[in-house]
Protein chains: 2
Amino acid sequence: MQEVNDIDAGETLTQRQRDVLDAVLRQMVEEGDRLTMTSVARRARCSKETLYRWFGDRDGVLTATVQWQASKVRAGTYDSQHLDVAALRESLESFAIAWLEVISSETSIALNRVAVAHAGSGKSNLGRIVLANGRFAIGERLKPVLEAGRKAGLLAFEDAEETFRTFFGLVGRDVQIRLLLGDDMKMTAATIRQEASWATSQFLSLHGAKPPATEPRIRAL
Amino acid sequence: MQEVNDIDAGETLTQRQRDVLDAVLRQMVEEGDRLTMTSVARRARCSKETLYRWFGDRDGVLTATVQWQASKVRAGTYDSQHLDVAALRESLESFAIAWLEVISSETSIALNRVAVAHAGSGKSNLGRIVLANGRFAIGERLKPVLEAGRKAGLLAFEDAEETFRTFFGLVGRDVQIRLLLGDDMKMTAATIRQEASWATSQFLSLHGAKPPATEPRIRAL
DNA sequence: ACCGAACCGTAACGTACGGTACGATTGGTG
DNA sequence: CACCAATCGTACCGTACGTTACGGTTCGGT
């Protein structure tokens, strides 16, 4: 059981340990919840004794894996300088693309399934870790963009948190819950780009300070 | 193992069987995934032999429970006659309220957790059953409302499915994933009403055929 | 009253899996 | 080479749980 259940923590690992955690991720993706300590050890070609020495117990393995994956997802920050409407739109849209790519990736789906199941079992840091590194992390990274847009007179809103939640909803819609429940919707790169573009247009239509001008009210299919 | 994994199927149960499934639901809510056949039998005050005779195996119990819960959630249909903008807004908003109430209920959260976990374990009808009775069922019930609104000249959109997905996203935002991952956000009746109202305003702002007139572009907090 | 079916409560079985122990192997260091 | 620490592979243990079996009980039909 790791003592850290917050962000970061994933840098004090040896290369070998990271390889093991990558093996855990592959096992999660391929075998779902048939994730036993024995299967992990076999997949990672290490002994169970090593797993227990490094991570304490099964929960420690899961926790370390979630944090390891989270540390890999840190996307680049978006500059909030010299914003014009095109740059703002670009920032929002690339944000939406990145998020859709994450939640539709096999790894994220497998990880979230484990975390959701774990959250149902009483004491569950896993769910909170996933939330902290997923939903809340992107919120904290996007809110400065929103506030910069407001300061530049491009966006109009009162509460950045609520406004981010709206953007979150417009981008994600039903994608994550459908994927978690096993719907095999195909989120191709083209689909993701298309939906991110729509979501951004809709968001700007709702919160753009100026009338959206050329934004179509009826989405073109 | 039940042979029906579609909608309906929950009417051919005896009262005693429904009581047993209600006990399973309570067990799910209170004990999470600590749902063993023994605990179910004890809670339902029936024998395990009866559970196996009625439902086949553990999966059969879970499947029957999901279908039983689904059969209880059938909400009233919304009339699509004589729509004016107030009636349309009322329909959308009550839809949003009903959906937020469902996804924030303890029962739904527990059920969705089980279904998500199950979807990770290869063969999983559970996830599809939950999707069919949740996300897709409300989609099929709301789309006629949307199309009636368009026919009445109150809404403008091209694809009812995509438009429903937008409404779905505006209503649900980050609520379901946060609750599934164990975030104890408090969705009070007042909060639900407030968020449903916002979502409806935003949706009408995006897809209302006439300019939204009195709808505020900046959401009032 | 009698019978059989359904059901209850509980014991028992087999297996899967988390966790531990231990000998064998590897690799680095003097 | 000798030595030591870390790790591997595997066998083992204890337990939890799905599933089955069975004796006792309830209850509707005749």
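Look up a bit, the structure's there.
1. Overview of the interface of chain B and chain A
Here's step 1: Listed per partner, the contact involves 54 residues of chain B and 55 residues of chain A.
Here's step 2: Taken together, the links from chain B to chain A amount to eight salt bridges.
Here's step 3: Linking Glu162 of chain B and Arg173 of chain A is a salt bridge whose minimum nitrogen-to-oxygen distance equals 2.9 Å.
Here's step 4: At the boundary of chain B and chain A, one finds 16 residue pairs in polar contact (both at pLDDT 80 or more).
Here's step 5: For the side of chain B that touches chain A, the secondary-structure elements that each account for two or more residues are α6 (106-119), α7 (125-133), α8 (135-151), α9 (160-172), α10 (175-180) and α11 (189-207) of chain B.
Here's step 6: In terms of residues, the side of chain B that touches chain A owes the most to one element, α9 of chain B, which gives seven residues.

2. Quick word on the pattern of salt bridges
Here's step 1: Throughout the structure, instances matching the rule amount to 28 salt bridges over all chains.
Here's step 2: Salt-bridge contacts for Glu49 of chain B lead to Arg53 of chain B; the nearest nitrogen and oxygen are separated by 3.8 Å. Separated by four residues within a single helix, Glu49 of chain B and Arg53 of chain B lie in helix α3 (residues 48-55), roughly one turn from each other. Here the two residues Glu49 of chain B and Arg53 of chain B agree in accessibility, since each one is exposed.
Here's step 3: Measuring nitrogen to oxygen at the nearest pair gives 2.9 Å for the salt bridge that ties Arg89 of chain B to Glu93 of chain B. Highlighted residues: Arg89 of chain B and Glu93 of chain B, both in helix α5 (residues 85-103), separated by four residues, approximately one helical turn. Each member of the pair, Arg89 of chain B as well as Glu93 of chain B, is classed as buried.
Here's step 4: The network of salt bridges with common partners includes Arg135, Glu140, Lys143, Glu161, Glu162 and Arg165 of chain A together with Arg173, Asp174, Arg178, Asp183 and Glu195 of chain B.

3. Some words on the relation of the copies chain B and chain A
Here's step 1: The transformation that overlays chain B on chain A combines an axial shift of 0.0 Å with a rotation of 180 degrees, and the residual RMSD is 0.1 Å. Taken together, the rotation angle and the small translation identify this as a two-fold axis. Nearest to the rotation axis, the C-alpha of Gly169 of chain B is located 2.2 Å from it, this being the minimum over chain B.
Here's step 2: Most of the interface of chain B is mirrored in chain A: 100% of its interface residues are interface residues there too.

4. Description of the protein's contact with DNA strand C
Here's step 1: With respect to spatial proximity, 17 residues lie near DNA strand C, and among them Met37, Lys48, Glu49 and Arg58 of chain A together with Arg16 of chain B are the closest.
Here's step 2: In DNA strand C, atoms within 4 Å of the protein come 60% from sugar and phosphate.
Here's step 3: Lys48 of chain A has a polar side-chain atom sitting 2.5 Å from a base oxygen of DNA strand C.
Here's step 4: Taking Thr50 of chain B, its side chain carries an N or O atom lying 2.9 Å from a phosphate oxygen of DNA strand C.
Here's step 5: Secondary-structure elements contributing two or more residues to the surface near DNA strand C are α3 (48-55) of chain A together with α3 of chain B.
Here's step 6: For the surface near DNA strand C, the element with the most residues is α3 of chain B, which contributes five residues.
Here's step 7: By residue class, the composition of the surface near DNA strand C is five nonpolar, three polar and nine charged.

Reading the values: the criteria
Residues numbered from 1 in each chain as written. Chains lettered and ligands numbered in written order. Predicted model: local features only at pLDDT ≥ 70, side-chain atom pairs only at ≥ 80, totals over all residues. Heavy atoms only, no water. Contact = heavy atoms within 4.5 Å. Salt bridge = Lys/Arg side-chain N within 4 Å of Asp/Glu carboxyl O. Polar contact = N/O pair within 3.5 Å; in protein donor to acceptor, adjacent residues only side chain to side chain. Helix = DSSP H or I, 4+ residues; strand = E, 2+ residues; numbered from the N terminus. Buried < 20%, exposed > 50% of the residue type's maximum accessible area, 1.4 Å probe, protein only. Least-squares fit on C-alpha atoms with pLDDT ≥ 70 in both. Near = heavy atom within 4 Å. Nonpolar A, V, L, I, M, F, W, Y, C, P; charged D, E, K, R; others polar.

Note that all results are geometric; they support no functional claim without further evidence.
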